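Structural description and commentary
So you can see what is in the structure, the chains are spelled out below.
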Amino acid sequence: MTTESHPTTPTVLPLAPGRWAFDPLHSAVGFTIRHFGISKVRGRFNELQAELVVGDTLETSSVTATVALASVDTGNPDRDAHVRAADLLDVEKRPTMTFRSTRIAGDGEDWTLEGELTIGDVTRPIVFDVEFGGVVDNPVDGHRHAGFDATGEFRRRDFGLDFAPGVLGDVIKVTLEVQFLDPR
């Protein structure tokens, strides 16, 4: 249950090996984007699925996630309908945003999750800074929960989402707050 981060100092994985179940009731994915360069529009995606597989080492561990882009929610139904439309996000053409990890590194509370982000038919690298919130046994149902906060950003033009330049910023900041349940 260790991997070499330094020839003499193994990194101990803080979770038991296995396929940890995603807890959608205690998870969220949000985003911010600049509007006219002077303020931020905040939103979230209401449909997220994720999978955490903890191997015996960091190299055999992985994270995947899929977001339904049509579930965008900025708190304004008219704006959300426009964002989903063909001239902006085009959720008919790009129904999902997916992430697949390629490298996990870190120790203690601070981790880095590198991977590939795919929107439509375009895939680009992305890095998330991850804070491990810890593990706790739920006194109500007895399940062991693990919590994580992750932040990253990408340029929308890298994914062919170059609509409304000057109105919307190019950088989209993503935040995830997720919980997983022990495989036992």
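Located above this text is the structure these notes cover.
Residues numbered from 1 in each chain as written. Predicted model: local features only at pLDDT ≥ 70, side-chain atom pairs only at ≥ 80, totals over all residues. Heavy atoms only, no water.

Okay, the overall build of the protein chain next. When its secondary structure is counted, the protein chain shows one helix and 13 strands. Mapped in sequence order, the helices and strands of the protein chain form the string β-β-β-β-β-β-β-β-α-β-β-β-β-β. For a compact globule of 184 residues, the expected C-alpha radius of gyration is about 16 Å, and the protein chain comes in at 18 Å, within 12% of that figure. Taking the principal axes of its C-alpha atoms as reference, the protein chain extends roughly 50 × 40 × 30 Å. (Helix = DSSP H or I, 4+ residues; strand = E, 2+ residues; numbered from the N terminus. Rg over C-alpha atoms; globule rule 2.2 N^0.38 Å.)

Let us now look at the side chain of serine 27. Looking at where serine 27 falls in the secondary structure, it is placed in the loop between β3 (18-22) and β4 (28-35). With relative accessibility at 13%, the residue serine 27 sits in the buried group. In terms of polar contacts, serine 27 uses its side chain to reach the backbone carbonyl oxygen of aspartate 23, at 2.7 Å. A distance of 3.0 Å separates a polar side-chain atom of serine 27 from the backbone nitrogen of glutamine 179. Look past the residues within four positions of serine 27 in its chain and what remains in contact with it is Phe22, Glu177, Val178 and Gln179. (Buried < 20%, exposed > 50% of the residue type's maximum accessible area, 1.4 Å probe, protein only. Polar contact = N/O pair within 3.5 Å; in protein donor to acceptor, adjacent residues only side chain to side chain. Contact = heavy atoms within 4.5 Å.)

Under the defined criterion, the tally for this structure stands at six aromatic pairs. Their ring planes at 70° and their centres at 6.2 Å tell us that phenylalanine 148 and phenylalanine 180 sit as a pair that is edge-to-face. Taken together, the positions of phenylalanine 148 in strand β12 (residues 144-155) and phenylalanine 180 in strand β13 (residues 168-181) put the pair 32 residues apart, joining distant regions of the chain. Here the two residues phenylalanine 148 and phenylalanine 180 agree in accessibility, since each one is buried. Counting every residue linked through ring pairs, the aromatic cluster contains Phe22, Phe132, Phe148 and Phe180. (Phe/Tyr/Trp six-rings, centres within 6.5 Å; stacked < 30°, edge-to-face > 60°.)

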